[in-house]
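Breakdown of the fold
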Amino acid sequence: MTNDTLIIGGHEFTSRFILGSGKYNLDLIEAAVKHAGAQIITLALRRANTGSSENILDFIPKHVTLLPNTSGARTADEAVRIARLAREIGCGDFIKIEVIRDSKYLLPDNYETVKATEILAKEGFIVLPYMYPDLNTARDLVNAGAAAVMPLAAPIGSNKGLATKDFIKILIEEISLPIIVDAGIGRPSQACEVMEMGAAAVMANTAIATSGNIPAMAQAFGQAIQAGRTAYISGLGRVICGASASSPLTDFLN
């Protein structure tokens with residue numbers, strides 16, 4: 001497992017846990033890095049405000065890769081503008097595209113997401129688009145130059161788990177890019193399950209931030225993701241309809 005690295009846009013990572021920092025909790029950031037081994041942390045541009053008394057950039061370790069997101073964008077044009085601003089203030093070339101017009105369920109606008117991805121990929125960004133799991137959209141994102149695809153498991157912040165499990169499985173089977181499951185994962189067991197399916201990584205935020213013990217839950221997520229990855233690489237055991245004795249009777253004792 002030592003050589004099992006996650007590669008996104010030519011960059012290698014040994015951890016497959018990504019922290020979403022939308023709940024903006026310094027304890028969460030510390031726990032995710034220390035106890036879950038997070039090497040990528042998202043941030044909204046409004047959190048990286050150098051004029052603010054509290055700047056999230058001051059609390060993210062230097063060895064951690066920043067993944068700015070375009071939170072608040074309602075169109076592709078707005079997402080592109082936010083991405084360019086993030087790079088200008090020194091957040092690097094990684095960008096998570098979020099284009100959301102729906103204010104009730106916060107579902108991503110797949111069409112506008114593809115448009116933004118194409119523009120930013122041509123400008124040299126490493127684009128990770130957040131999307132509703134649809135195979136045709138995922139194929140369009142590949143053609144647009146995405147570095148990975150980030151389908152939602154359930155509505156943002158809901159902790160409902162794998163509501164879109166069957167559709168995520170289709171993407172894993174049909175799309176050659178890393179599939180990073182984002183949004184809605186509520187339990188370590190659910191993170192383990194998507195990793196067993198073959199997902200490349202899991203992003204979590206609310207499930208850890210709203211738990212009773214943030215460091216312990218961060219550690220649980222990190223361990224679950226690693227366990228699921230190991231199981232996937234090892235090859236899960238067969239499933240049969242009937243029963244099969246684990247110690248079959250092949251001969252009688254004399």
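Everything that follows concerns the structure shown earlier in this document.
Now for a description of the structure that goes with this document. (Residues numbered from 1 in each chain as written. Predicted model: local features only at pLDDT ≥ 70, side-chain atom pairs only at ≥ 80, totals over all residues. Heavy atoms only, no water.)

Quick notes on helix 5 (residues 165-174)
Worth spelling out the cut-off: Think of it in three bands: with a 1.4 Å probe and only protein chains considered, a residue is buried below 20% of the maximum accessible area for its type, exposed above 50%, and partly exposed in between. Strands are runs of DSSP state E lasting at least two residues, helices are runs of H or I lasting at least four, and both sets are numbered from the N terminus onward. Taken from the helix axis, the directions to the C-beta atoms give the arc we talk about. We call two residues in contact when some of their heavy atoms are within 4.5 Å.
Those residues of helix 5 not exposed but buried are Ile168, Leu171 and Ile172. Down the axis of helix 5, the smallest arc covering the buried residues is 100°, so these residues share one side. Opposite its buried face, helix 5 presents the exposed residues Asp166 and Glu173, each directed more than 90 degrees away. If you follow the buried residues of helix 5, they end up packed against strand 7 (126-131), helix 4 (135-144), strand 8 (150-151), strand 9 (180-182) and helix 6 (188-197).

So, the packing of helix 3 (residues 110-122) against helix 4
Two quantities define a packed helix pair, namely the angle between the axes and the distance from one axis to the other. Stated formally: Axes here refer to lines fitted to C-alpha atoms; in helices the fit is confined to the stretch in contact. Angles between the N-to-C directions go from 0 to 180 degrees. Angles are sorted into four bins: roughly parallel if under 35 degrees, roughly antiparallel if over 145, roughly perpendicular if 65 to 115, and oblique for all others. In a left-handed crossing the near helix is turned counterclockwise from the far helix by less than a right angle, and in a right-handed crossing that turn is clockwise.
Packing of helix 3 against helix 4 brings their axes to within 8 Å, and their N-to-C directions diverge by 15°. Classed by the angle they form, the pair helix 3 and helix 4 counts as roughly parallel. Helix 4 is crossed by helix 3, and the crossing has right-handed handedness. Here Asn110, Thr113, Val114, Thr117, Glu118 and Ala121 of helix 3 come into contact with helix 4, specifically with Thr137, Asp140, Leu141 and Ala144.

Concerning helix 8 (residues 214-234)
Three- or four-residue spacings in an α-helix give side chains the same orientation, since the helix completes a turn every 3.6 residues. Selection rule: Take the number of residues in a helix, subtract one, and multiply by 1.5 Å to get its expected span. Each polar contact in these results corresponds to two N or O atoms within 3.5 Å; when the atoms are within protein, one needs to be able to donate a hydrogen and the other to accept it, and residues that are neighboring in sequence are counted only if both atoms are side-chain atoms.
Between its first and last C-alpha, helix 8 extends 30 Å over 21 residues, near the 30 Å set by a 1.5 Å rise per residue. Taken together, the buried positions of helix 8 are Ile214, Ala218, Phe221, Gly222, Ala224, Ile225, Gly228, Arg229 and Ala231. The opening residue of helix 8 is Asn213, an N-cap whose side-chain oxygen sits 3.1 Å from the backbone nitrogen of Ala216.

It is worth stressing that arrangement in space is one thing and function is another; only the former is reported here.
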